[in-house]
Amino acid sequence: MSFGTKIDICVPCFVPTQCAKCSGKGNMKLIPNPDPNLQIAVVMHQGRFDLRAESFLCMDCREITDADKNDYIFSGFWPARATTSISYLFCEELFAMWYHLRHKSPLNSEKMFINTIEEISKESGRSPIVNDPLFSRAFKEWELCRLNIKVKIKNMSTVSCPPCGKSPVMGSSDGNVKLKRHASAGKVLNPQNERESIQEEALRFGDLVIKSDKDVANFRNRIYTKIKKTKKKEMCGGSAFKAVKVDSCKRTKSDETGLLLSVCRHGIELGAINMHEGESMTYTLFLQKLVFGFNCKFFCSDFICRYEKFVRKVAIAFPEYQQMTRKMKGILPRMHAKAHHWPCQILYNPHWQKVAGLIVGEEHEQVFSKLSLYGYVTKHMSKANRMDLLSAAILYWNWGKIERMPSILSKRLKRASKCVAVYNDNLASLLNSNQCNIEDLPEILIELKTKALANLGS
Ligand SMILES: [Zn+2]
Ligand SMILES: [Zn+2]
Ligand SMILES: [Zn+2]
């Protein structure tokens, strides 16, 4: 057989067990649809195949039934359109491959993946054309369907951490400016050419992961009604913190300027918001309010000393935040703390807080190391596509992390048990060299904190 010869092969589907007409069981046969014009383009990881539509023949009563979209979906083929007549099908395994590939290696684009399938088809002498918009739309529908199965049927957690349960110890928040989006992306040069479908694209994930821009903007505007905006740089010790501004400048070239997110001590993402200007304290406040709703005990931020001052002002102007400031304790990430004035290193040291354990406060960095890679593709996307891809990326991260959690936790426990012995020895030799007892330590800590507070006040 030479390449290009057309033979009557139909889409390989599961055969119904029972005939709909005579109710005979186990005697159904898969046959190509009698109408030779009913062709279906089937796209799989081996490329595109132009096959005949399928029918089922009952060997008892000779009744022929045409397959419908449910038969195809049941057999692992996802229709490109939700219409009764099927002309384009995508193999679900192909979608599963693209789903994992785009998250394992975020630098790959959908266009590149489709081109790869086209090349495989071409090499085998088959039609190389794969319709990009159909692939894109069908993949989105399939992804949303999978999400609903995971969340609504399997009850999988999305932005909550199973080991933390109902009260995570910490919410660690920081902004990632690599996840921006160009203001010109997804727009045409001439506004008259703009297609309505693009303008009104709906969010598939809603605010499940990334909170609504409207809610964030309303929240910030409310704060600004009583708190004065200022672009003044805040300093601590010798360092100036760019992110520490009550207000920030608008970036003209970018619409979304980055993503601000909060993670628990296990690196599970708890919530995220878009930034539309530089990082500002009102964005951080929105996230703190969010993680306070999850009963977090500690709030970790790179500039907690300046931020706490701002939150105290907010709590005076808006008494509903007084409980949040009273119940949540601010801490500094271990590495960032080194850039702060020495009193901050004492007052906000996570290792000197009860129940904080071995919290480092840098847990968000591991999420960023992966998420930043998406910045190469998100900056050229439309608003809705960027939100959906980042939401999917965060869920992919969370689900992967939860799956690995048993081994991560057992490794952490082993490491912590080893540390206890080492730290006990270190402590004993330190106490010995400074000629004091373990009972003196709480008093020394109180003394240090008093001195630190006095120094901050001066
Ligand atoms: Zn029959
Ligand atoms: Zn956790
Ligand atoms: Zn400081």
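The structure presented is a predicted model; accordingly, all values stated were derived computationally and were not measured.

**Observations regarding the packing of helix α7 (residues 281-292) against helix α8 (residues 304-317)**
Between two packed helices, both the angle of their axes relative to each other and the distance between the axes serve to describe the pair.
No. 1: Where α7 contacts α8, the axes come no closer than 11 Å and their chain directions differ by 75°. Classified by the angle between their axes, α7 and α8 sit roughly perpendicular to one another. Along the contact surface, α7 presents M281, T284 and L285, while α8 presents Y307, F310, V311 and V314.
No. 2: Here the contact of α7 with α8 is built from residues that sort into 6 nonpolar, 1 polar and no charged.

**Things to note about the UniProt feature "domain: CxC3 like cysteine cluster" (unreviewed entry) in the protein chain**
No. 1: UniProt's entry tags residues 8-123 with the feature "domain: CxC3 like cysteine cluster" (unreviewed entry), counted in the numbering of this structure.
No. 2: For the annotated span residues 8-123, helix accounts for 28% and strand for 28% of the residues, and the straight-line distance between the end C-alpha atoms is 21 Å.

**Some thoughts on the environment of G26**
No. 1: Examined against the element boundaries, G26 turns out to sit in the segment before β1 (28-32).
No. 2: The exposed category is assigned to G26, around which 10 C-beta atoms lie within 10 Å.
No. 3: Counting along the chain gives 10 residues from G26 to P16, while the straight-line C-alpha distance between them is 8.1 Å.

**A short note on unusual backbone geometry**
No. 1: Of note, the phi angle at S23 is positive, near 60°, even though the residue is not glycine.
No. 2: You can see S23 is positioned in the segment before β1.
No. 3: A positive phi angle is found at N295, which is not glycine, with a value near 70°.
No. 4: Residue placement: N295 occurs in the loop between α7 and β13 (298-300).

**Digging into helix α4 (residues 132-153)**
No. 1: Look at α4: 31 Å from first C-alpha to last across 22 residues, which is about the 32 Å you get at 1.5 Å a residue.
No. 2: Those residues of α4 that sit buried are F135, A138, F139 and W142. Looking down the long axis of α4, one finds its buried residues gathered within 105° of arc, a one-sided arrangement. Away from its buried face, by an angle of more than 90 degrees, α4 presents the exposed residues P133, N148 and K152.
No. 3: Its buried side turned inward, α4 meets β6 (77-79), β7 (88-91), α2 (92-104) and α3 (110-123).
No. 4: Once α4 finishes, N155 follows within two positions and takes phi at roughly 55°, a positive value.

**Considerations on α7**
No. 1: Given a rise of 1.5 Å per residue, 12 residues ought to cover 16 Å, and the 16 Å separating the end C-alpha atoms of α7 matches this to within 8%.
No. 2: Most of α7 sits inside the fold, with 9 of its 12 residues counted as buried.
No. 3: Those residues of α7 that fall on the buried side of the exposure criterion are M281, T282, Y283, T284, L285, F286, L287, Q288 and V291.

**Describing the sheet that holds strand β8 (residues 170-176)**
No. 1: Taken in spatial order, the 5 strands line up as β12-β11-β8-β13-β14 in an open sheet, and their pairing is mixed. The open sheet has two free edges, formed respectively by β12 (269-275) and β14 (329-331), since each of these has just one partner strand. Each strand axis lies, on average, 20° off the axis of its neighbour in the sheet, ignoring direction.
No. 2: As judged from the 3 bridges shared by β13 and β14, these two strands associate in the parallel manner. Paired with F299 across the bridge in β14 is G330.

**Looking at the domain arrangement of the protein chain**
How big an interface is tends to be reported as the loss of accessible area on association of its parts.
No. 1: When the domains of the protein chain are assigned, the result is domain 1 (28-150) and domain 2 (170-186 + 203-412).
No. 2: The interface of domain 1 with domain 2 comprises 7 residues on the first partner and 8 residues on the second.
No. 3: Examining the composition of the side of domain 1 that touches domain 2, we find that 3 residues originate from one element, α4, more than from any other.
No. 4: Considering only residue class, the side of domain 1 that touches domain 2 consists of 3 nonpolar, 2 polar and 2 charged.

Calculation notes
- Residues numbered from 1 in each chain as written.
- Chains lettered and ligands numbered in written order.
- Predicted model: local features only at pLDDT ≥ 70, side-chain atom pairs only at ≥ 80, totals over all residues.
- Axes fitted to C-alpha atoms, helices over the stretch in contact; angles between N-to-C directions.
- Helix = DSSP H or I, 4+ residues; strand = E, 2+ residues; numbered from the N terminus.
- Parallel < 35°, antiparallel > 145°, perpendicular 65-115°, else oblique.
- Contact = placed C-beta atoms within 7 Å.
- Nonpolar A, V, L, I, M, F, W, Y, C, P; charged D, E, K, R; others polar.
- UniProt positions renumbered as here; feature names shortened; annotations may be inferred.
- Buried ≥ 20, exposed ≤ 12 C-beta atoms within 10 Å, placed from the backbone.
- Expected span 1.5 Å × (residues − 1).
- Arc of directions from axis to C-beta.
- Pairing = 2+ DSSP bridges.
- Domains from an automatic or database assignment.

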